[in-house]
Structure formats: C-alpha cells, structure tokens
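Residue-level structure breakdown
Below are the chains, spelled out letter by letter.
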Amino acid sequence: MLIKRSPNGIDLPFPSEITPRHVFESRRDFIRQMAVGSIASGALLEMLSREAFAQGAGAKLPAKLNPAYSALDKQTSQKDATHYNNFYEFGTDKSDPAENAHTLRTRPWTVAIEGEVKKPMTLDIDSLLKLAPLEERVYRLRCVEGWSMVIPWVGYSFAEIIKRVEPTGNAKYVEFTTLADRKQMPGVGTRVLDWPYVEGLRIDEANHPLALLTLGMYGDVLPNQNGAPVRIVVPWKYGFKSAKSIVKIRFTRDMPRTAWNRAAPSEYGFYSNVNPEVDHPRWSQASERRIGEDSFLSRKRKTLMFNGYNDVASLYAGMDLKKWF
Ligand SMILES: Nc1nc2c(c(=O)[nH]1)N[C@H]1C(S)=C(S)[C@@H](COP(=O)(O)O)O[C@H]1N2
Ligand SMILES: [Mo]
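Attention here is on the structure that accompanies the text. (Residues numbered from 1 in each chain as written. Chains lettered and ligands numbered in written order. Predicted model: local features only at pLDDT ≥ 70, side-chain atom pairs only at ≥ 80, totals over all residues. Heavy atoms only, no water.)

Here we look at the site of ligand 1
Taken together, 17 residues lie around ligand 1, and Asn-85, Tyr-88, Glu-89, Arg-231 and Lys-244 are the ones closest in. Measuring from a nitrogen atom of ligand 1, one finds a backbone N or O atom of Asn-86 at 3.1 Å. With respect to ligand 1, the side chain of Thr-178 contributes an N or O atom lying 3.0 Å from a nitrogen atom. Burial of ligand 1 by the protein amounts to 98% of the accessible area it has alone, namely 540 Å². When each cavity is represented as a set of grid points, ligand 1 is found to reside in the second largest pocket. Looking at the shell around ligand 1 residue by residue, the classes come out as eight nonpolar, six polar and three charged. (Near = heavy atom within 4 Å. Polar contact = N/O pair within 3.5 Å; in protein donor to acceptor, adjacent residues only side chain to side chain. Areas by Shrake-Rupley, 256 points an atom, 1.4 Å probe, with all protein chains shown as cover. 1 Å grid on protein atoms, 1.4 Å probe; cavity = no way out; pocket = protein on both sides within 12 Å on 5 of 7 lines; lining within 4 Å. Sits in = over half its atoms within 2 Å of the grid points. Nonpolar A, V, L, I, M, F, W, Y, C, P; charged D, E, K, R; others polar.)

Shown next as structure tokens:
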C-alpha cells in the first residue's frame, strides 16, 4: 500500500485550522455570494460541457461551483485522486484501477432505471448530461479503510432523477448496480466479491440533495478508474457506498442486498454512515489519514460524525446508529 505524495510535496495548513472561526465563516459567506453573483454564465457552461463530454475520456466537463455544498478543505491532487483507488473490478491494489481501467468502454452506455417507479426509463449518457444543470461540488470522501480525500466532483443531485421517474408508494430503497463484464474488467474474473457490485440507499437518503449523480471530477469527465461514465457519490457514508460505473438503478420495497454486506455482514452494514464512535470490528474509525497531507500511514485527523455533513442527521433521528451501522 504505497502512497504517492502531491508533486510539489507541500502540505498547506487548512483555513479552518489557522483562522478564527468568525473570520473563517464570514470569508465563506463572501465566497458564496461571489458565486451566486455569477450564476448567469450557467447556461453557457452547460452547452460547453455537453460538447466536451462527447469527446470522451480526458475531455473537459466544466460546471459551476455550488459553494453551499462544497468543503473548503484543501483539495487532494488530481494525480492522487486518480491513482489511489478502490475499484475491485480492476484489481485490489490501489494502483490497479489506474493501470487497468483503460479497457472499460464508456460509450455507448445506458443506465436502466426500473422497479417501483411510475416512469421506468433507460437513459444514455447524453440524456443524463441534459437532465439537470451540472454543478461542481467539493466533497470529502472517507474510505472505510481509514483514509480520506477531498475531490471536486461534477454532477447534480440524485433527487433530480427520482423526481423524473416518479417512485410508487412501495419504493422504500434504491439499489445501484455496477457493470460486471469480464471482458472489460479483469477483476470480475476473480472471487473477491460476488459480482456485480451492488450498493443501496434508503429512498430518503437517496433524495437528500447531497447525494450526487456524478459524471465528472476536476472539471473533466470521470476517468475510468473513478467510475466512468456515471457513479453516485454519497459523502456522509463510507466510500464503498458510492458505486461506480452504474448500469442499473432499481427502486425496491425491500432493503437491497449489497455486495459488501453479503461478503462480511458483521463488518459492513447497510447504512455505513461515517461514524467515529462506531469502530470497524478490526480497527478504529475515530481518525483518518488525508491522502497527500499526512506523513506515511499516520492518521492525524479526527473523523467527523457523518464525515462533517451534519445536515443529514435528521434522516437518522431516533435510530441507534450502533445497531444500524
Ligand atoms: N463498482 C465499484 N464501486 C466502488 C468500489 C468498487 O470496488 N467497485 N470501491 C468503493 C470504495 S471502497 C471507495 S473508497 C470509492 C473510491 O472512489 P474513488 O476511487 O473515486 O476515490 O469507490 C467505491 N465504489
Ligand atoms: Mo473505500
């Protein structure tokens, strides 16, 4: 498990740590207002981004920053975020996805949306791009293994999809299924997991505006190793809830049987909210190592409840989160 440091090797202090809180917060409000003032350019950005996406991997996918949903933490370098990955369909080493995922064909690509919905639909990538305005959102991503990154994603709230397919009254959960094609994904020939990779959310979780249908990162279309052409990002949950390269989205009555929960139910619960007070059976979850920031293997940061996304707390009111881990 080797960690590549950012090219310049400089670890800057975080504004939230070196600035008194009230100064820090007024600065944040200022940045927010600046961004709101420039919303008029949004339509132009959208046009540009659709053009660019058609060109495929490495193409630009510009989007307007949504400051209300963006962390101010220093961003992980694009190099680290694209070369230190978990995507077991391409191998279990952190460097495997970057090395192997070039065999994934991301066009043509369709996502079937089905199950307990009034309007089932199959959407291709162009339709997904046109579905709602693209936003850039800088999210913390906390892996269950104890490391974290800060990544500027491009996409829109998954709620935009929910609105359009009109779930029936029976829809209580949403299940996300990743492509599982041995020809394109060497890891699918191994038995590390029971493929396809399946993840799931309760429908109110999926409807929370923070849950991001993601098509890009760092202003580009998603690199294959990060889940091209479309994935979900659920920033208050451990990273494995954020399924990559999605081909099917199913609305269900029953709690989905997720790949990690089936593989090790005592270690990976359905909810898997980031929670410093509930340890993994084999290690503590109280702290984390920010990739590119800390020295090799040391966990210098305290892990925050819900990864710092306190907005979501009301989704779990009255639930014992030690039981529903
Ligand atoms: N299909 C699929 N999705 C996946 C995984 C995987 O192995 N297969 N790994 C998960 C884990 S453990 C993490 S931490 C994140 C990593 O996302 P990133 O590589 O874009 O940072 O993807 C998640 N989504
Ligand atoms: Mo992870």
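Now that the structure is up, let's keep going.
What to know about the side chain of Asn-273
Looking at where Asn-273 falls in the secondary structure, it is placed in the loop between helix H9 (259-263) and strand E12 (287-290). Engagement of the side chain of Asn-273 in a polar contact is seen with the side chain of Trp-236, the distance being 3.3 Å. (Helix = DSSP H or I, 4+ residues; strand = E, 2+ residues; numbered from the N terminus.)

As for the side chain of Asn-85
Along the chain, Asn-85 turns up in the loop between helix H4 (78-83) and helix H5 (96-100). The residues touching Asn-85, leaving out its near neighbours within four places in the chain, are Asp-93, Lys-94, Pro-97, Gln-225, Asn-226 and Lys-244. (Contact = heavy atoms within 4.5 Å.)

Description of unusual backbone geometry
For the peptide bond that leads from Arg-107 to Pro-108, omega is -5°, which places it in the cis range. With respect to the helices and strands, the residue Pro-108 is situated in the loop between H5 and strand E2 (110-115). Looking along the chain, the bond that leaves Trp-195 and enters Pro-196 is cis, with omega of 0°. Within the secondary structure, Pro-196 sits in the loop between strand E6 (173-178) and strand E7 (198-202). Although it is not a glycine, Ser-245 adopts a positive phi angle of roughly 40°. For Ser-245, the position within the fold is in the loop between strand E10 (231-233) and strand E11 (246-252). The backbone of Phe-306 sits at a positive phi, close to 50°, despite the residue not being glycine.

With respect to the sheet that holds E11
Across the sheet, five strands lie side by side as E3-E2-E11-E6-E7; this open sheet has mixed pairing. Pairing within the sheet leaves two strands with one partner each, and these edge strands are strand E3 (121-124) and E7. Strand after strand, the sheet turns through a mean of 15° between neighbouring axes, direction not considered. In this sheet, E11 lies alongside E2 in parallel orientation, the contact comprising four bridges. Across the sheet, Gly-115 pairs through a bridge with Phe-251, a residue of E11. (Pairing = 2+ DSSP bridges. Axes fitted to C-alpha atoms, helices over the stretch in contact; angles between N-to-C directions.)

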